[in-house]
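A structural walkthrough
Here is what each chain is made of, one letter per residue.
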Amino acid sequence: FLREITDIKPKNIEEDDLLKMEDAIDVALGNSPNSILMSFGTDFAEQAARRFQTKYRDQLKKQGVKLIIVTANEGLSHPNTDAWDNLTFSLESTVGDAKPGVYLGFHGKLVPADLVVKELYNGKEMNFRSKDDPEYVTSVGEHKRQVQQLVDKLGATLGHEILGRGTVLEYPVNVFRFN
């Protein structure tokens, strides 16, 4: 069973687009699949995975189905695309030992929706990690340390502390906003 939704804009996903995706999931679940693969851009994969996990957790568990979101840093036409590797890995993961639920299949990792997080940009490519991955925890701690050093340096340069310690604000940049 294959269904393509082609009228979704790749960069600006809106509520209507998510509803179309959920309609496709509903149709797929009605056909009693072993697994469902969805493919779309990285910009909203983390949030979509959590949304789908929240909505479909019980149904996926009841039916014994894995919903795997496949995404890539580069499109299919790019000479260095990671799409084929991610798709192959995700297809192989459909028959693996993972429990029913929503996952992101990316760079050889099958990350549960409840734990998926977009890694801090490394200057080369974007990656997804599990928020309990020790390497991710270390990189977040290092990032926070670097930010605080910058705040301290600015404060010293200006002759006073411009922000109190611990007041550097962090916020999610990939959130759904209703238009």
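As the structure is a computational prediction, the values presented were derived from the model and not from experiment.

Turning our attention to the overall build of the protein chain. Scanning the protein chain from terminus to terminus reveals four helices and six strands. Starting at the N terminus and walking to the C terminus, you meet the elements of the protein chain as α-β-α-β-α-β-β-β-β-α. Within the protein chain, the proportion of its 179 residues that are buried is 36%. A separation threshold of at least 6 residues defines the contact pool for the protein chain, and within that pool the share at least 24 residues apart is 55%.

This paragraph deals with the confidence of the model for the protein chain. Counting all residues, the mean pLDDT for the protein chain is 79, and 77% of those residues have values of 70 or more. No element of the protein chain has a lower mean pLDDT than strand β6 (residues 128–130), which averages 77, and none a higher one than helix α2 (residues 45–63), which averages 94. Scored below 50 in pLDDT, residues 173–179 makes ten contacts in the model with residues more than four places away or belonging to other chains.

Time to look at the sheet that holds strand β4 (residues 109–112). The four strands are arranged β1-β2-β3-β4 in an open sheet whose pairing can be described as mixed. Either end of the sheet is taken by a strand with one partner, and the two such strands are β1 (35–39) and β4. Mean inter-strand twist for the sheet, computed between neighbouring axes without regard to direction, equals 30 degrees. Two strands pair when backbone bridges link them, and β1 and strand β2 (residues 66–70) are joined in this way by five bridges, in the parallel orientation. Looking at β2, one finds that S39 is bridged to V70. Relative to the sheet, helix α1 (residues 15–30) contacts β1 and β2, its axis offset from that of β1 by approximately 155 degrees. Here α2 sits on the sheet and contacts β1, β2 and β3 (101–106); the angle it forms with β3, its principal contact strand, is near 145 degrees.

Along the chain, the position of G75 falls in the loop between β2 and α3 (83–93). Taking the C-alpha atoms as reference points, G75 and G41, 34 residues apart in sequence, are found 8.8 Å from one another.

Following the sequence through the fold, L37 ends up in strand β1. Residue class for L37 comes out partly exposed when judged on its relative accessible area of 31%. For the pair L37 and L104, spaced 67 residues apart in sequence, the C-alpha to C-alpha distance is 9.7 Å.

Next up on the list: the nonpolar core. F40, F52 and I69 are the most contacted members of the largest nonpolar core, which has 26 residues in total. Of all the secondary-structure elements, those providing two or more residues to this core are α1, β1, α2, β2 and β3. The element that contributes the greatest number of residues to this core is α2, accounting for six residues. The contact partners of F40, leaving out residues within four places of it in the chain, are M21, A45, A48, F52, I69, V70 and T71.

Next up on the list: the pairing of β3. With six of six residues buried, β3 lies mostly within the body of the structure. Burial along β3 is two-sided: G101, Y103 and G105 and V102, L104 and F106, pointing in opposite directions, are all buried. As judged from the five bridges shared by β2 and β3, these two strands associate in the parallel manner. Residue pairing in the sheet places I68 in a bridge with Y103 of β3. For the segment spanning β2, α3 and β3, crossover handedness is left-handed.

Next up on the list: α2. A rise of 1.5 Å per residue sets the reference length of α2, with its 19 residues, at 27 Å; its end C-alpha atoms lie only 23 Å apart and thus fall more than 12% short of the reference. At Y56, α2 shows its maximal bend, which comes to roughly 65 degrees. All buried positions along α2 are accounted for by A45, E46, Q47, A48, A49, F52, Q53, Y56 and L60. Buried positions along α2 lie against α1, β1, β2, β3, β5 (116–118) and β6.

Cut-offs used in this document
- Residues numbered from 1 in each chain as written.
- Predicted model: local features only at pLDDT ≥ 70, side-chain atom pairs only at ≥ 80, totals over all residues.
- Heavy atoms only, no water.
- Helix = DSSP H or I, 4+ residues; strand = E, 2+ residues; numbered from the N terminus.
- Buried < 20%, exposed > 50% of the residue type's maximum accessible area, 1.4 Å probe, protein only.
- Contact = heavy atoms within 4.5 Å.
- pLDDT = per-residue confidence, 0-100.
- Pairing = 2+ DSSP bridges.
- Axes fitted to C-alpha atoms, helices over the stretch in contact; angles between N-to-C directions.
- Core = buried A, V, L, I, M, F, W, Y, C linked by side-chain atoms within 4.5 Å.
- Right-handed = clockwise from strand over helix to strand, strands pointing away.
- Expected span 1.5 Å × (residues − 1).
- Bend = angle between axes of the 7 residues up to and from the residue.

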